[in-house]
Structures are given as structure tokens and as C-alpha cells.
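Structural characterization, general
The primary structure of each chain is shown beneath.
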There are 2 protein chains.
Amino acid sequence: MCELLGMECNVPTDIVFSFTGLRQRGGKTGPHGDGWGLAFYEGRATRIFREPAAACDSPLARFLAEHPIKTLLAIGHIRRRTRGPTSLANTHPFMRELWGRHWVFAHNGTLRTVRRFRLGRFQPVGTTDSEYACCVLLEALRSSFSDYPQRVTDLWQAVAEVGGELGAHGTFNFLLGDGRHLYARCATKLCYIVRRAPFGPATLADDDVRIDFSAVTTPRDRVAVVATTPLTTNEMWTQGRPGELWVFDGGQLRTTLPSKPTARRRPRPQGLHPNS
Amino acid sequence: MCELLGMECNVPTDIVFSFTGLRQRGGKTGPHGDGWGLAFYEGRATRIFREPAAACDSPLARFLAEHPIKTLLAIGHIRRRTRGPTSLANTHPFMRELWGRHWVFAHNGTLRTVRRFRLGRFQPVGTTDSEYACCVLLEALRSSFSDYPQRVTDLWQAVAEVGGELGAHGTFNFLLGDGRHLYARCATKLCYIVRRAPFGPATLADDDVRIDFSAVTTPRDRVAVVATTPLTTNEMWTQGRPGELWVFDGGQLRTTLPSKPTARRRPRPQGLHPNS
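Residues numbered from 1 in each chain as written. Chains lettered and ligands numbered in written order. Predicted model: local features only at pLDDT ≥ 70, side-chain atom pairs only at ≥ 80, totals over all residues. Heavy atoms only, no water.

Considering the overall build of chain A
Note the cut-off: The helix and strand labels rest on DSSP assignments: H or I over at least four residues marks a helix, E over at least two residues marks a strand, and numbering proceeds from the N terminus. Based on C-alpha atoms, the radius of gyration is set beside the globule rule, defined as 2.2 Å times the residue count to the power 0.38. A simple rule labels every residue: compare its accessible area, found with a 1.4 Å probe on the protein chains alone, to the largest value its type can have, and call it buried under 20%, exposed over 50%, or partly exposed in between. Any pair of residues with heavy atoms lying within 4.5 Å of one another is described as a contacting pair.
For chain A, the count of helices and strands is four helices and 15 strands. Compactness check: chain A gives a C-alpha radius of gyration of 18 Å against a globular reference of 19 Å for 276 residues, within 12% of the reference. Projected onto its principal axes, the C-alpha coordinates of chain A cover approximately 55 × 40 × 30 Å. Per-residue burial for chain A yields a buried fraction of 61% across its 276 residues. Of all intrachain contacts in chain A linking residues separated by at least 6 positions in sequence, the fraction that spans at least 24 positions is 71%.

Here's the deal with the sheet that holds strand β1 (residues 3-13) of chain A
Residue and element names in this part refer to chain A. Operational definition: We call two strands paired when DSSP finds no fewer than two bridges between them.
Strand order in this open sheet of seven strands is β3-β2-β4-β1-β12-β9-β13, and the pairing throughout is antiparallel. The outermost strands of the open sheet, each flanked by one partner alone, are β3 (45-51) and β13 (238-239). Where strand β2 (residues 36-42) meets strand β4 (residues 71-78), five bridges bridge the pair, whose relative direction is antiparallel. Residue pairing in the sheet places Phe 40 in a bridge with Ala 74 of β4.

Concerning the packing of helix α3 (residues 129-144) of chain B against helix α4 (residues 152-167) of chain B
Residue and element names in this part refer to chain B. Under the convention used in this document: Here the axes come from fitting lines to C-alpha atoms, over the contacting stretch only for helices, and the angles between their N-to-C directions go from 0 to 180 degrees. Roughly parallel refers to an angle under 35 degrees, roughly antiparallel to one over 145, roughly perpendicular to one between 65 and 115, and oblique to any angle outside these ranges. Handedness of a crossing follows from how the near helix is turned relative to the far one, being left-handed for an anticlockwise turn of less than a right angle and right-handed for a clockwise one. Under the convention adopted here, Pro, Cys and the residues Ala, Val, Leu, Ile, Met, Phe, Trp and Tyr are nonpolar, Asp, Glu, Lys and Arg are charged, and Gly plus all remaining residues are polar.
For the pair α3 and α4, interaxial distance at closest approach is 10 Å and the crossing angle is 140°. The angle between the axes of α3 and α4 places the two elements in the oblique class. Two packed elements cross with a definite hand, and for α3 against α4 that hand is right-handed. Contact residues: α3 offers Ala 133, Val 136, Leu 137, Ala 140 and Leu 141, while α4 offers Leu 155, Ala 158, Val 159, Val 162 and Leu 166. Of the residues assigned to the contact of α3 with α4, the class counts are ten nonpolar, no polar and no charged.

Re the sheet that holds strand β8 (residues 182-186) of chain B
All names here are of chain B. Strand order in the open sheet made by the six strands is β5-β6-β7-β8-β14-β15, with antiparallel pairing throughout. In this open sheet, the two edge strands, each paired with only one partner strand, are β5 (94-98) and β15 (252-258). Adjacent strand axes in the sheet meet at a mean angle of 20°, parallel and antiparallel pairs treated alike. In the sheet, strand β14 (residues 244-249) pairs with β15 via six bridges, with the strands oriented antiparallel. When the sheet's bridge partners are listed, Phe 248 is paired in β15 with Leu 253.

Side note on the interface of chain B and chain A
Note the threshold: Values labelled buried area give the accessible surface lost by two parts on being combined, using a 1.4 Å probe and summing over both. Throughout this description, the term salt bridge denotes a Lys or Arg side-chain nitrogen within 4 Å of a carboxyl oxygen of Asp or Glu. What qualifies as a polar contact is a pair of N or O atoms within 3.5 Å, subject to a donor-acceptor requirement within protein and to the restriction that residues adjacent in sequence count only when both atoms come from side chains.
On the chain A side, the residues contacting the 30 residues of chain B number 30 residues. Of the roughly 2500 Å² buried between chain B and chain A, counting both surfaces, carbon and sulfur atoms make up 60%. Applying the counting rule to chain B against chain A returns two salt bridges. Notably, a salt bridge pairs Glu 97 of chain A with Arg 96 of chain B, separated by 3.0 Å at the nearest N-O pair. Inspection of the chain B/chain A interface yields 13 residue pairs in polar contact (both at pLDDT 80 or more). Among the secondary structure elements, those contributing two or more residues to the side of chain B that touches chain A are β2 (36-42), β3 (45-51), α2 (59-66), β5 and β6 (101-108) of chain B.

In C-alpha cells form, the structure reads like this:
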């Protein structure tokens, strides 16, 4: 199993505080020492820092903590491998371009039978079930819309449906970013918090770090943070329910959609083809 | 104009020495202060460090120089913008996945009329002619082969042909990596050196740095380095001729192919479609 971290805000925000907690779990307070990655969006483009090594003692992870990059949307992951060896190709998050946007994906769980779905345009570079699922998910979106949908609620719905179908093949907690939204699906374990005024202090669960957000924010700021388990001890995190998808936009939870397998009689979401 | 840096080797090698020279040109000894990027392959996967800022005083660029990453294949770029604003999306190198490999592309020059070619599967995220050309080039390869060709010479030929066609639309010096080969096309300015035993000392042209390669190599090592202009003052660099493509593999120049526009009567390379 792995741990996920997502952040989506209405003002550029640095993710250092949350990442500091997560990276302790990468081999120190947690067993997730097989790789880590952190993607920062700037508009529709992203840059991803990835290493097939423990985050807790990575000089690069420390560098990022010391040189914060402000962003509206970030996705992070620390890996404890279950499928596929430790390598750069198997390190989350994964990225593909679709409709002139970078899409970033990170997964927690195992989808043992995901290879029953046929690949399309997107092919895995590594050997994980996670990257395979990313490719299948994006192919399903691609074949459902000719371009980034004008009515974004259609896109949200499609992500929820495809997530539900794939989720039937194992454990599918995931984060997905498209440069505008953060999608977060809960299969077993995922929680979120939206920090907004009045801001207060927060204490990390995994490190001896405390921050007073009121000193670094303005009253209009909203910051949504999603994580596998709560990163702080003195805030109220909302636990996800199995089979639901959250969509964050502008630092707010915009919607919660059911994300469960369709009943047998209903057609499969477009673009999802079982391998014959 | 921008500056290119490529390295392709038969043993994992760090690119720090060459990158140290290049990064001085990113705003200090050269005018290329609008962004920089450096891609390192590990097998078919790559990780790319990119910043829409000057390399010479970038903490991240300094970090990479101080924490070398060994690789068989690396592609770097520093940007002085001609087309498209300074942004992450417009910062080279660009990356796309094709046939389960990361392809990395960096360009020096301007292709004023490249938008006459139709886009296919790959869409630009930013607004540069360079990323547009990258998308057109990869689409042409994709539609020429159903998978990574078994006979790699066919692929080399295709890159040379498509490079030649695109090169008719401006200045098209480029580096392209597929995880196995380094392709380097010269339109106006490009040079290379292959370092091999007996190794000797080298002195950077842009910084007060000298290295004795014999102290850090074995007799079997071969390291090919490609750059816009020679990075060292006391080595013999081979200058490219306009309209030729070099293919490096295993730290050797494997072939030099003509890369010029096809004559009018010959058919265009597959997958290259003018916009109507």
C-alpha cells in the first residue's frame, strides 16, 4: 500500500507543511520506502519530481521542503511496492498529455485484474497495475469526449463512472489532476480537509512540526488537502466512504459523486473494453 | 535561440561537468535566461527537471550539479525565448509517451510555419513552435509504425525524414531521446564529441572548471556529448553540417543520415499532413 497526498487551492500555496508529514512516512514513521513523487501544476502543465527511493532521507525531497513551489494543484505519493519492482518507471505519480493538458495520476491499492481491460492510446512505461489503470482511465476519457468538455460536470461524471468500473478489480483509491480539478476516489481509505478563515494552528501527526496558518494566509484563501490518513492531529478531517469520488475546484469540494461499478444491465462507460 | 545539451553513454555517467558549462550560459555567460530543463533516463522512463527561470542562479540547477544523477541518456536545454511567453508549459524539454516509452525532445531555432502541419494524437500544452513540432514529429512516427520498430534503422530513417520535412519550415536543430538512442539533428549549429580511452583532462569554456576524465572512468567507457557549441576549450568537437541527423547508441555515433526536405515529387513521410 501507498500513501496519497493532494492539494487544490484558490491561491498559489506551498505544500511543504503537508509534504513534511508525508515524507516521514516514506521510510521513517511509515513503511513506504520504495519511492516518492510530487507533481506541481502551473496552469495546464506540470512538473513532477520522482525518485525510486525513500522520501524520508532523500536530498531532493529535503530540497523541495526547503525551496517551496507555490501551486494551485499538487499531487504527491509515497510508495510501498506491492506489484512491480522499485524503479523510476514504477514510481507515482504518472503523467500523460491529453487534450493539451498534463494529467497526473497516483494510486493507493492493488488492482489485480486490471489487465482484463484493453489498452488504447496510452501505454504503460513500467510494470505496475497502477500505471496500467491510469492508461485505461485516460483512454476511457479520451474516447468519451473529443476535447476537454465544455460542461465539466460531464467530465466529473465520467471520471466517477470509469473509477467505479476499475474499482471492481481491486482496491482503487486514487488522485487525478487535470490542471484545473483534483479528483479523489475513495475505495478504502481517504480523507480531506478544507482549510479556510478563520485559520488556526495545526500540528503534524508524523513530525514535530506546528504551523499557524493564520500567519501565512489571507481571509479569502481556501486550501483543500486530501490524504490517505489525516496528516494533522488537531484538525477535523472528513473520512471518505468506499465508492465515492470527490471533485475539488477553487479550494472547495465541488461535488461528491457515487463511483461504483455499473450494474450488469447498464452499458459500460465508453472506451472501457475488456481484453478478449 | 536556445542551447542544447545531450549525453549518451555505454555506462551510467553523470552530466554535471557539461551541465555546469551549459548552465553558465543560462543568463550569465550567455543570454538564455528564460528557462532550463534537464531530462535523465532510467531505461524507458525519464524524469525531467524544468524551470521557467534562469539556470545560472537557480537553486534547483545548483542542487542537480551537487547531487549528480548517473544515466545512460540525458537531454538538456536552456531557453532564450523567441516564440511564446516564459512559462513552465513553454520550457523544454518536452515529453510524451509513445509505445510505452518516454520520448524527450528539445529544440533550438524557430519553425515559423510549423502550424501548417496537422496535429494528431499529441497536442501541445504550451504555445511554442517547438512543442508543436515535437507533437507533429511523434505523430508522424506513431503513424509510421504500429510499435517500436524491431529494425531500429527504420526508426532512424523515419526521424531523419520527418526532421528534414519540418526543417523546411525554419531552423530545426533538435535533440530527441527514446530511452535507447539519442537523435541529434543539425540545421545551423550543433557539435559532438565522443570521449573514450585514453581519457584526458578537459577545461570548460564557460566556467573555471577543469576535470581529468581519466580519474573518473574505466578504459571501456564511452560518452557521447552533443551541444550547440563546444563546451570545452581543449578538445576536438565535430561540427555538424546543415541537414544531417546523428544517431548515438552505446556511447557511439552509430550513423549520420541526411535529414533534408524530400523533393517535391517524392511522397511525404507517412503521418505528416499539411493543415488544409
